[in-house]
Amino acid sequence: LEHLRLGEAAPGLHVLGSAEYPNAILVIAAVALAVGFIGALFRWRRDVLIARIAGARARWQGARRAVERREAAWVERRHASIVVHQFPGRAPPQSSAG
């Protein structure tokens, strides 16, 4: 852009090997490597997060099913308990009002 602003011709790829910019290839390679590394870290972290969410969802749904099963079993046992306690073998106490 500097060359175009001064009215000169736009430089081509030979700029990378010119004496004006001696480390251009190294800078481009370092920036590309850094961007690739950061992109890989974000992708890895996203994959870990998605796996954690999927695992938590599976555990939550499994726990909900287990609670539903336990609740149904508890209700059945309680009904059996109530039925057994209705026949204690003696009459209820008489109230004095009456």
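Chemist: Got a minute to help me understand the overall build of the protein chain in this structure?
Modeler: In terms of regular secondary structure, the protein chain is built from 2 helices and 0 strands. Evaluated residue by residue, the protein chain yields a buried proportion of 3% over its 98 residues. In the structure as shown, the protein chain presents an accessible area of about 9,400 Å², 64% of it carried by carbon and sulfur atoms.

Chemist: It is not clear to me how a nonpolar patch on the surface should be interpreted in this structure. Could you clarify?
Modeler: Together, Phe37, Ile38, Leu41, Phe42 and Trp44 give the surface a local cluster of nonpolar side chains, amounting to about 600 Å² of exposed area. Along the polypeptide, Trp44 turns up in helix H2 (residues 24-85). Judged by its relative accessible area of 53%, Trp44 is exposed.

Chemist: Help me understand the pattern of salt bridges, please; the structure alone is not making it clear to me.
Modeler: Once the charged atoms of two side chains with opposite charge are near each other, the side chains can pair. Evaluated as defined, the whole model comprises 1 salt bridge. The residue Arg46 makes a salt bridge to Asp47 at a minimum N-O spacing of 3.9 Å.

Thresholds applied
- Residues numbered from 1 in each chain as written.
- Predicted model: local features only at pLDDT ≥ 70, side-chain atom pairs only at ≥ 80, totals over all residues.
- Heavy atoms only, no water.
- Helix = DSSP H or I, 4+ residues; strand = E, 2+ residues; numbered from the N terminus.
- Buried < 20%, exposed > 50% of the residue type's maximum accessible area, 1.4 Å probe, protein only.
- Areas by Shrake-Rupley, 256 points an atom, 1.4 Å probe, with all protein chains shown as cover.
- Patch = residues over 30% accessible without salt bridge, like charges linked within 9 Å, V, L, I, M, F, W, Y side chains within 5 Å.
- Salt bridge = Lys/Arg side-chain N within 4 Å of Asp/Glu carboxyl O.

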